[in-house]
Amino acid sequence: MSFNHSVVWIDHKEAHVMFLSETADEAEVIKTKSTHPHLHHKGGEIGSGRVALDDRYLHSVLQAVKESKEILIIGPGSAKLELIKHAHQHDQDIANRIVGVETVDHPTDREIFAYANKFFYKADQLR
């Protein structure tokens with residue numbers, strides 16, 4: 001089955017990848033295998049105090065959406081931006097299909113589907 005749209009809700013621990021078409025929808029959860037604890041910045045130290053996301057984790061998220069025609073990326077923090085940066089560095093074709101990025105806290109899967117349906121409905125109406 002070919003899905004026209006996908007939405008990725010991502011944070012530093014897991015990604016909820018959801019696929020939407022006119023007749024069906026599906027979802028999968030991809031978890032990072034990284035064991036790095038959350039770090040906090042200490043005064044007087046160089047660097048942000050943050051651990052970068054595992055490239056294998058980001059790559060597996062991109063591979064999950066490789067068949068989608070349009071991709072929306074959402075999430076609460078910087079992980080969504082790291083995913084976009086990874087796409088631009090490693091898979092320009094997928095990067096070109098990213099049509100939106102939005103900050104969204106921690107919704108349920110049902111709320112993510114509703115958000116994506118609303119987003120893509122508006123986007124399709126503008127064409």
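The rules we used
- Position numbers for residues start from 1 in each chain and track the written sequence from start to end.
- Restriction of local features to residues with pLDDT of at least 70 applies here, the model being predicted, together with a cutoff of 80 or more for giving and counting side-chain atom pairs; totals for whole chains, interfaces and linings are based on all residues.
- Hydrogen atoms and water are omitted, and side-chain values are computed over all heavy atoms in the structure.
- Comment: elements are numbered from the N terminus, with helices defined as DSSP H or I runs of at least four residues and strands as E runs of at least two.
- For every residue, the accessible area (1.4 Å probe, protein chains only) is compared with the maximum for its type, and the residue is labelled buried under 20%, exposed over 50%, or partly exposed between those bounds.
- Residue contacts follow a heavy-atom distance rule, with two residues in contact if any of their heavy atoms lie within 4.5 Å.
- Note on areas: Shrake-Rupley with a 1.4 Å probe; residue coverage comes only from the protein chains shown.
- Note on pairing: DSSP must find at least two bridges between two strands before they are called paired.
- As a rule, the C-alpha atoms of each element are fitted with a line to give its axis, helices using only the stretch in contact, and angles between N-to-C directions run from 0 to 180 degrees.
- The arc under discussion is defined with respect to the helix axis, by the directions toward the C-beta atoms.
- Every residue gets a pLDDT, meaning the predictor's confidence in that residue, from 0 to 100.
- Aromatic rings from Phe, Tyr and Trp, taking only the six-membered ring of Trp, are treated as a pair when their centres fall within 6.5 Å; an angle between ring planes under 30 degrees marks them as stacked, one over 60 as edge-to-face, and anything in between as tilted.
- As used in this record, nonpolar core signifies buried Ala, Val, Leu, Ile, Met, Phe, Trp, Tyr and Cys residues forming a set joined through side-chain atoms within 4.5 Å.
- Here a helix's expected span is defined as the number of its residues, less one, multiplied by 1.5 Å.

Chemist: Quick one: what's the story with the overall build of the protein, residue by residue and with numbers?
Modeler: When helices and strands are counted, the protein shows four helices and five strands. Reading the protein from its N terminus to its C terminus gives the helix and strand order β-β-β-α-β-α-α-β-α. In the protein, which comprises 127 residues, the proportion classed as buried is 39%. Long-range contacts, defined as pairs at least 24 residues apart, comprise 63% of the intrachain contacts of the protein with a sequence gap of at least 6. Of the roughly 8100 Å² that the protein leaves accessible, carbon and sulfur atoms contribute 52%.

Chemist: I'd like a description of the sheet that holds strand β5 (residues 98–103), backed by residues and values.
Modeler: What the five strands build is an open sheet, ordered β3-β2-β1-β4-β5; its pairing is mixed. Here the strands that pair on one side only, and so sit at the sheet edges, are β3 (25–31) and β5. Adjacent strand axes in the sheet meet at a mean angle of 15 degrees, parallel and antiparallel pairs treated alike.

Chemist: Can you lay out helix α1 (residues 55–64) for me, pointing to particular residues and giving the numbers?
Modeler: Looking at α1, one finds that the buried residues are Tyr-57, Leu-58, Val-61 and Leu-62. The arc that holds every buried residue of α1, seen down its axis, measures 135 degrees, which confines them to one face. Buried residues along α1 sit against β1 (5–10), β2 (14–20), β3, α2 (79–90) and α3 (92–96).

Chemist: Please provide a residue-by-residue account of the confidence of the model for the protein, values included.
Modeler: Overall, the predicted model of the protein reaches an average pLDDT of 83, with 77% of residues at or above 70. The spread of mean pLDDT over the elements of the protein runs between β3, the lowest at 82, and α3, the highest at 97. Below a pLDDT of 50 lies the segment residues 37–41, which in the model reaches seven contacts outside its immediate sequence neighbourhood of four places, other chains included.

Chemist: Kindly report on the packing of aromatic side chains, identifying the contributing residues and their values.
Modeler: Under the defined criterion, the tally for this structure stands at one aromatic pair. For the ring pair Phe-119 and Phe-120, a centre distance of 5.2 Å and an interplane angle of 85 degrees mean the geometry is edge-to-face. In this pair, the class of Phe-119 matches that of Phe-120, namely buried.

Chemist: Which residues make up the nonpolar core, and what values go with them?
Modeler: Nonpolar side chains in soluble globular proteins tend to end up buried together. Ranked by size, the top nonpolar core spans 21 residues in total, and within it Val-8, Ile-10 and Val-61 carry the most contacts. Those elements giving two or more residues to this core turn out to be β1, β2, α1, β4 (70–75), α2 and α3. Apart from the residues within four sequence positions on either side, Val-8 is in contact with Ala-15, His-16, Val-17, Val-61, Val-65, Ile-71, Leu-72, Ile-73, Ile-74 and Leu-83.

Chemist: If you had to explain α2 to someone new, which residues and values would you point to?
Modeler: Between its terminal C-alpha atoms α2 stretches 16 Å, which fits the 16 Å expected from 12 residues at 1.5 Å a residue. Residues Ala-79, Lys-80, Leu-83, Ile-84, His-86 and Ala-87 constitute the buried set of α2. Viewed along the axis of α2, the buried residues span an arc of 160 degrees, placing them on a single side of the element. Away from its buried face by more than 90 degrees, α2 exposes Leu-81, Lys-85 and Gln-89. The elements touched by buried residues of α2 are β1, α1, β4, α3 and β5.

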